[in-house]
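Spelled out from the first residue to the last, the chains are:
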Protein chains: 2
Amino acid sequence: MSWIRFALAQLNPIVGDIAGNSRAILDATSNAYSRGARVIVTPEMSITGYPVDDLASSIDFIRQSESGVASLAARLASDGFGDAVVVVGYLSEASDTEFGGARAHNSLALLHEGRIVATYAKRHLPNYSVFDEERVFVPGAGTLVQNLGGVVTGFLICEDLWRSDGPVAELAARNVDAVVVINASPFELAKDEMRFPLLATRAAEFGASVVYVNAVGGQDDLVFDGDSAVLDSSGSTLLRATRFESALELIDIRGNGESADGFTLAEPEDTITPFIGADLPDIEAVWNALVLGVRDYVTKNGFPSIALGLSGGIDSAVCAVIAADAIGANRVYGVSMPSKYSSDGSKDDARDLATIVGCHYDVQPIAGLVAPFETQLELTGIAAENIQARARGMILMALSNQHGHLVLTTGNKSEVAVGYSTMYGDTVGGFAPLKDVFKTLVWDLARWRNVRASARGETPPIPLNSITKAPSAELRPDQTDQDSLPPYDVLDAILELLVAQRQSVNAVVSAGFDRETVERIANLVAGSEWKRRQAAIGPRISQMAFGRERRLPITVRHTSGLV
Amino acid sequence: MSWIRFALAQLNPIVGDIAGNSRAILDATSNAYSRGARVIVTPEMSITGYPVDDLASSIDFIRQSESGVASLAARLASDGFGDAVVVVGYLSEASDTEFGGARAHNSLALLHEGRIVATYAKRHLPNYSVFDEERVFVPGAGTLVQNLGGVVTGFLICEDLWRSDGPVAELAARNVDAVVVINASPFELAKDEMRFPLLATRAAEFGASVVYVNAVGGQDDLVFDGDSAVLDSSGSTLLRATRFESALELIDIRGNGESADGFTLAEPEDTITPFIGADLPDIEAVWNALVLGVRDYVTKNGFPSIALGLSGGIDSAVCAVIAADAIGANRVYGVSMPSKYSSDGSKDDARDLATIVGCHYDVQPIAGLVAPFETQLELTGIAAENIQARARGMILMALSNQHGHLVLTTGNKSEVAVGYSTMYGDTVGGFAPLKDVFKTLVWDLARWRNVRASARGETPPIPLNSITKAPSAELRPDQTDQDSLPPYDVLDAILELLVAQRQSVNAVVSAGFDRETVERIANLVAGSEWKRRQAAIGPRISQMAFGRERRLPITVRHTSGLV
């Protein structure tokens, strides 16, 4: 019997940045090693970042991944950590290729004494929801069990753990002390409520501790929440890392194997108490996911700053606060772009928000910009309304071109669903923080963020009026969103069934909604697919986000058969 | 021994339009039946259209597909065609579901005497290139062989034919007279040069005629080219339908089976000579694909008309002619939007083009529209240049809002690849005819179209000057594309290697290109992914189109490993 100290390195890789990701692994190893850890576990694809999408089809990228791992192994040894075992995730060349494309494995490697001493390739490849792994990866075969200084340890990669057949069943039939699972498992609302029961179930099946290491960070539309953890075979949580942050957590795991049969690893000389992070309320988890999604999009893509329009409405107010929480208010540029239809209240609310948040604030009236269009083109109705939204988009993009800002587009999921937006107007921008946040949840977030500010002795950032007033695009006199749409609580409930749960119109009507309303909403959703195809990406927080998760044709005509 | 007349119904379904697609099958059956056909074969997913994407995850849609087939079977019988066999493609419910999602088969059904008498589910599901079939379909099992009035016939669906294992091998081991393959196989350059050799190979392996029926028509970014054909076991082409058009072609096939063992079908009373369409030169096939793609996007989505900017350049000229060929010049609205940098030559070329094509023509100068932006925002450099392109986008969208036009965006694949465009400016539009056409191919198309016009005694539509002058965005004095980009023949050759063939920078340099240029182009391609994510769809003509075929992250940093 022996004790070995494991480190869970909850890292935040950047896709393609093999040098930077390798350095982060080296740094984490150095830190963990100095604290007695001799097994350092990093997330799925920690060398390459995840998801790599079709980069996995580039033989050049596969080779870079493999040589990156070899370089890292050598460097770990030369830096004095060769007697530890470092577990990395990477892309490796498959010996056979799939018909039509895939030629790489989603692999893990154990690095020890300067070399790759063992590998395992992911066997269950998710190909649903946001995942396209059967497109880009070849499945592996077999199981990997290694004796790590007496701790007999099995290895899995992400989806492997979620299915009971294959590697899970095979490891359950072995006598292991621990199962290490490396993951790049994206956040979605209430995901921890699925994840922890699964970890407990698997730990019981294995009769072993489960060491679950997840990536953290924003990568385009996905946010990885971390939540790395260790559960023992009774289902008790022994360690839980803070979510939405990079982390390095240690735990000592007892081995029942003969240490002489495996890698010789030094036992720890002291004892530690593993960290057990508190659970987060759902609303706070969503806020943190949005902030992390924005921060990492800005940081990883090298933007100096963020610009966004401030209308005085709730969406732009929440986006401004997310932006300030993400990168600091001094890097956020709010622009009020009032028209002749903008109420004084809206203008005041926009200014108040900017003042409280402490971001830059500029006022650019649009009257003088839209009038020449209206006159020259003789515009009326929707065409005239849309010109206003488009002039605002032009202002924001011009500021972006002048100063390098990332422009945020502030539309919420309810609007995105029904196409309640002006293309090339309020849709302008590179990132859409609220794209996956229904309007009713936007209000909840605003209230929660204000309460949190109060609890911390800060001024609530979002003007009460922005929360309580009737939503309006203010493109014509006395317009409100409810001129065109049902109340948002009704709309969001219908959208939850129609979009998120893929229910039919009939099923939604059976759930108690007005048929005419449901049919109208369904037609709006189908008819605005072309807008969504040209929409900015934004952080996914639900189990059915627009974008890569929901793939539907633009050209579609819903009819029943001949009768 | 008996002869049975087969009909190849090269149909153009609309996704989701079960009633309309069923009516098209009924009409084709009626026509073919009256001409003696007793086996009528329609394309893959002829009931639902293809691709249905995540509609396949809707149990409601699956049921509509199944009941649509049942209704059609009944209607065929009540209309007097019950004694024929009609082969349809449809979505059917799978008895088991895939982990994570898919619960439908991509199936075919034989309809006879008012009922479904046999079914087969596609076994090989393509999940590469533009296909996501492992995401949405459950693979089938087994083979289907039916005696159709003495013609012993095996059945396959599309991808099944391309792989030698599974159903192809199993049918080759049977004694069949014919193999019917139903397809929704999208066009790409030189696809017929792969398709016909494959058909000949398979016909020899089966020792039987292959009856290949493909869909035709544009469906969002895919164009199905038809090219339905019959080859005998010696590899001879006995029938070939006209490409890029709906068609109904007949052929008599000899059966060696005992007709009493199968369906009793009437033999034809006359003889026919099957149609063998001529091959198309590649350039003509591309032109036809673009025209069909535009026509079907307009028609299936119910647009009354098309609007596009006419700059006097080659891209907009070619798009205007494609639009006119697609829906008639009287439904095409060209808008010249000159700035102070627009040369007189460009303005003349735009007007000349519109005159020859015969489309509507309007001039909307932008000077008075951009000046207020420049003044109010104090714009210089790129920001000022982009305002001009964005003012043009606003004009076109305003006209679209007023009149219902579909706006075409005229950027070509070379520009799309390197991001040589103004977001929300020249990228504005719902459909991009040249999105998959490199600039050098745009010139080839222009020359070819002019030559064809001359050959037909028509005026060549594209002004010679638009073809020969140096390309320019005309956003500043004396600007040409080559201020920022290498010559297009060099650029396109590099892009072909980097993008289409996914080669590394090193490999492209080894092929003889300047390293600095290749690296710059590679960085432009990676850095403009965010623009492509917000780009309009356009017809795919290559084997590596931007959009659903090439899935890469926006956030990406290409580095090698530690050294």
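All of these numbers come straight from a predicted model, not from anything done at the bench.

## Remarks on the overall build of chain A
- Looking only at helices and strands, one finds 18 helices and 18 strands in chain A.
- Here the C-alpha radius of gyration of chain A, 26 Å, is about what a compact globule of 563 residues would show, namely 24 Å.
- For chain A, with 563 residues in total, the buried portion stands at 64%.
- Long-range pairs, those at least 24 residues apart, make up 75% of the contacts in chain A between residues at least 6 apart in sequence.

## Concerning the domain arrangement of chain A
Residues and elements named next belong to chain A.
- On domain assignment, one finds that chain A holds domain 1 (2-270) and domain 2 (284-477).
- Measuring from the centre of the C-alpha atoms in domain 1 to the corresponding centre in domain 2 gives 40 Å.
- Both faces considered, domain 1 and domain 2 share a buried interface measuring about 920 Å² in area, 70% of it formed by carbon and sulfur atoms.
- When the buried surface of domain 1 facing domain 2 is broken down by residue, G218, D220 and F244 rank first, second and third, together holding 46% of it.
- The interface formed by domain 1 and domain 2 includes zero salt bridges.
- Counting across the interface, domain 1 meets domain 2 through five residue pairs in polar contact (both at pLDDT 80 or more).
- Mapped onto the side of domain 1 that touches domain 2, the elements with two or more residues apiece are β10 (216-219) and β11 (222-225).
- A total of four residues in the side of domain 1 that touches domain 2 trace back to one element, the largest contributor, which is β10.
- Looking at the side of domain 1 that touches domain 2 residue by residue, the classes come out as eight nonpolar, four polar and two charged.

## Quick word on helix α8 (residues 314-327) of chain A
Residue and element names in this part refer to chain A.
- The end-to-end C-alpha separation of α8 is 20 Å, in line with the 20 Å expected for 14 residues at 1.5 Å each.
- The element α8 is extensively covered by neighbouring structure, given that 13 of its 14 residues are classed as buried.
- Looking at the residues trailing α8, positive phi occurs at G328, about 95°.

## Remarks on the interface of chain B and chain A
- At the junction of the two partners, chain B supplies 91 residues and chain A supplies 91 residues.
- For the pair chain B and chain A, the summed buried surface comes to about 8100 Å²; carbon and sulfur atoms form 55% of the total.
- When the buried surface of chain B facing chain A is broken down by residue, R135, T555 and L562 of chain B rank first, second and third, together holding 10% of it.
- Along the contact surface separating chain B from chain A lie six salt bridges.

## Observations regarding helix α13 (residues 439-455) of chain A
Residues and elements named next belong to chain A.
- For α13, with 17 residues, the first-to-last C-alpha span of 24 Å sits near the 24 Å given by 1.5 Å per residue.
- K439, L441, V442, W443, L445, A446, W448, R449, N450, R452 and A453 are the residues of α13 that are buried.
- Tucked into the core, α13 has its buried residues touching α7 (282-300), α8, α12 (413-418), α14 (464-468) and α15 (488-500).
- Positioned one or two residues after α13, G457 has a phi angle of 75°, which is positive.

## Here we look at the packing of aromatic side chains
- Counted by the stated rule, this structure contains 18 aromatic pairs over all chains.
- Aromatic pair Y128 of chain A and F131 of chain A: ring centres 6.1 Å apart, planes at 80°, arrangement edge-to-face.
- Counting every residue linked through ring pairs, the aromatic cluster contains F99 of chain A together with Y128 and F131 of chain B.
- The positively charged end of R532 of chain A is found above the aromatic ring belonging to F546 of chain A, 4.8 Å away from the centroid.
- Lying over the aromatic face of Y488 of chain B, K439 of chain B brings its terminal NZ or CZ to 5.4 Å of the ring centre.

## What to know about the nonpolar core
- I306, V318 and L495 of chain A are the most contacted members of the largest nonpolar core, which has 74 residues in total.
- Not counting residues up to four positions away in its chain, the partners in contact with I306 of chain A are V294, V298, A323, I327, R331, V332, Y333, H405, L406 and L408 of chain A.

## Description of the sheet that holds strand β17 (residues 360-363) of chain A
Residue and element names in this part refer to chain A.
- What the four strands build is an open sheet, ordered β17-β16-β15-β18; its pairing is parallel. Either end of the sheet is taken by a strand with one partner, and the two such strands are β17 and β18 (406-407).
- Sheet topology places strand β15 (residues 306-309) next to β18; two bridges connect them, and they run parallel. Looking across to β18, one finds that I306 is bridged to L406.

## As for the relation of the copies chain B and chain A
- Note on the identical chains: chain B maps onto chain A by a rotation of 180° and an axial translation of 0.0 Å, with an RMSD of 0.0 Å. Those values place the two copies in the arrangement expected of a two-fold rotation axis. By C-alpha distance to the rotation axis, the residue of chain B lying nearest is Q534 of chain B, at 1.9 Å.
- Looking at the interface residues of chain B, 100% of them are also at the interface in chain A, so both copies use one shared face.

## Describing the pairing of strand β5 (residues 115-121) of chain A
All names here are of chain A.
- Two elements, strand β4 (residues 104-112) and β5, share six bridges in a ladder whose sense is antiparallel. Counted as the bridge partner of L108 is Y120 from β5.
- Connecting β4 to the antiparallel partner β5 that follows it, the hairpin turn spans two residues, and E113 within it adopts a positive phi of roughly 50°.

## Here we look at the sheet that holds strand β3 (residues 85-93) of chain B
Residue and element names in this part refer to chain B.
- Taken together, six strands build an open sheet; the order of strands is β5-β4-β3-β2-β1-β14 and the sheet is mixed. A strand with exactly one partner marks an edge of an open sheet, and here the two such strands are β5 (115-121) and β14 (247-255). Strand-to-strand twist of the sheet, defined as the mean angle between neighbouring strand axes without regard to direction, takes the value 30°.
- In terms of strand pairing, strand β1 (residues 2-10) meets strand β2 (residues 39-41) through three bridges, oriented parallel. Its bridge partner lying in β2, L8 is registered against V41.
- The sheet strands contacting helix α1 (residues 18-34) are β1, β2, β3 and β14, and the helix crosses β14 at an angle near 55°.
- On the sheet, helix α2 (residues 59-81) packs against β3, β4 (104-112) and β5 and is oriented at approximately 160° with respect to β3.

## Re the side chain of E249 of chain A
Residues and elements named next belong to chain A.
- Its location among the elements puts E249 in strand β14 (residues 247-255).
- Buried within the structure, E249 lacks any salt-bridge partner; its nearest side chain of opposite charge belongs to R35, at an N-O separation of 5.6 Å.
- Those residues in contact with E249, other than ones at most four positions away along the chain, are F6, A7, L8, L239, A241 and F275.

## Observations concerning the confidence of the model for chain A
- When the pLDDT values of chain A are averaged, the result is 96; 100% of them are 70 or greater.
- For this predicted complex, the interface score ipTM comes out at 0.96, while the overall pTM is 0.97.

## Side note on the environment of A102 of chain A
All names here are of chain A.
- With respect to the element layout, A102 can be found in the loop between β3 (85-93) and β4.
- Remark: the alpha-carbon pair of A102 and S57, spanning 45 residues in sequence, is separated by 6.1 Å.
- Residues within four places of A102 in sequence aside, it is in contact with T97, R135, V136, F137 and V138.

## A few points about the environment of N288 of chain A
Residues and elements named next belong to chain A.
- In this fold, N288 is placed in helix α7.
- The exposure class assigned to N288 is buried, which follows from its relative accessible area of 18%.
- Note: C-alpha distance between N288 and R243 (45 residues apart in sequence) is 8.7 Å.

## Examining the pairing of strand β6 (residues 145-148) of chain A
- Going residue by residue along β6 of chain A, you find V145 and N147 of chain A tucked away on one face and Q146 and L148 of chain A tucked away on the opposite face as well.
- Counted along the chain from β6 of chain A to the antiparallel partner strand β7 (residues 151-157) of chain A, the turn is two residues long, and its residue G149 of chain A has a positive phi close to 60°.

Rules used in this analysis
The residue numbering used here restarts from 1 in each chain and proceeds along that chain's sequence as written. Here every chain gets a letter starting at A, and every ligand a number starting at 1, in the order they are written. For a predicted model such as this one, the threshold for reporting local features is a pLDDT of at least 70, and the threshold for listing and counting side-chain atom pairs is 80 or more; totals across whole chains, interfaces and linings nevertheless cover every residue. Calculation of side-chain values draws on the structure's entire complement of heavy atoms; hydrogens and water are dropped beforehand. Here a strand is any run of E in DSSP of at least two residues, a helix any run of H or I of at least four, and the numbering for each starts at the N terminus. We compute the radius of gyration from the C-alpha atoms alone; for a globule the expected value is 2.2 Å times N to the 0.38, where N is the number of residues. Between buried and exposed lies partly exposed: a residue is buried under 20% and exposed over 50% of the maximum accessible area for its type, with that area taken using a 1.4 Å probe on protein chains only. Pairs of residues are marked as contacts when any of their non-hydrogen atoms sit within 4.5 Å. Here the limits of each domain have been adopted from an automatic or database domain assignment. Once two parts are brought into contact, the accessible area they lose, counted with a 1.4 Å probe and summed over both, makes up the buried area. Salt bridge criterion: a side-chain nitrogen from Lys or Arg within 4 Å of a carboxyl oxygen from Asp or Glu. We define a polar contact as two N or O atoms separated by no more than 3.5 Å, with the added condition that, inside protein, one atom must be a possible hydrogen donor and the other a possible acceptor, whereas residues neighbouring each other in sequence contribute only through side-chain atom pairs. Note on residue classes: Ala, Val, Leu, Ile, Met, Phe, Trp, Tyr, Cys and Pro are nonpolar, Asp, Glu, Lys and Arg are charged, and everything else, Gly too, is polar. Here the expected length of a helix is defined as 1.5 Å per residue gap, with one fewer gap than residues. Centres within 6.5 Å make a pair out of two Phe, Tyr or Trp rings, where for Trp the six-membered ring is used; the pair is then stacked when the planes are under 30 degrees apart, edge-to-face when over 60, and tilted otherwise. Here, a charge over a ring means that NZ of Lys or CZ of Arg falls within 6 Å of the ring centre while also lying within 35 degrees of the ring normal. What we call a nonpolar core is a set of buried Ala, Val, Leu, Ile, Met, Phe, Trp, Tyr and Cys residues that are connected through their side-chain atoms within 4.5 Å. Two strands qualify as a pair provided that DSSP identifies no fewer than 2 bridges between them. Here the copies are superposed with least squares, the fitted atoms being C-alpha atoms of residues at a pLDDT of at least 70 in both. Axis definition: a line fitted to C-alpha atoms, limited for helices to the stretch in contact. Angles are taken between N-to-C directions and run from 0 to 180 degrees. Counted charges follow a simple rule, with Lys and Arg positive, Asp and Glu negative, and His plus the chain ends left uncounted. Predictor confidence is given residue by residue as pLDDT, running from a minimum of 0 to a maximum of 100.

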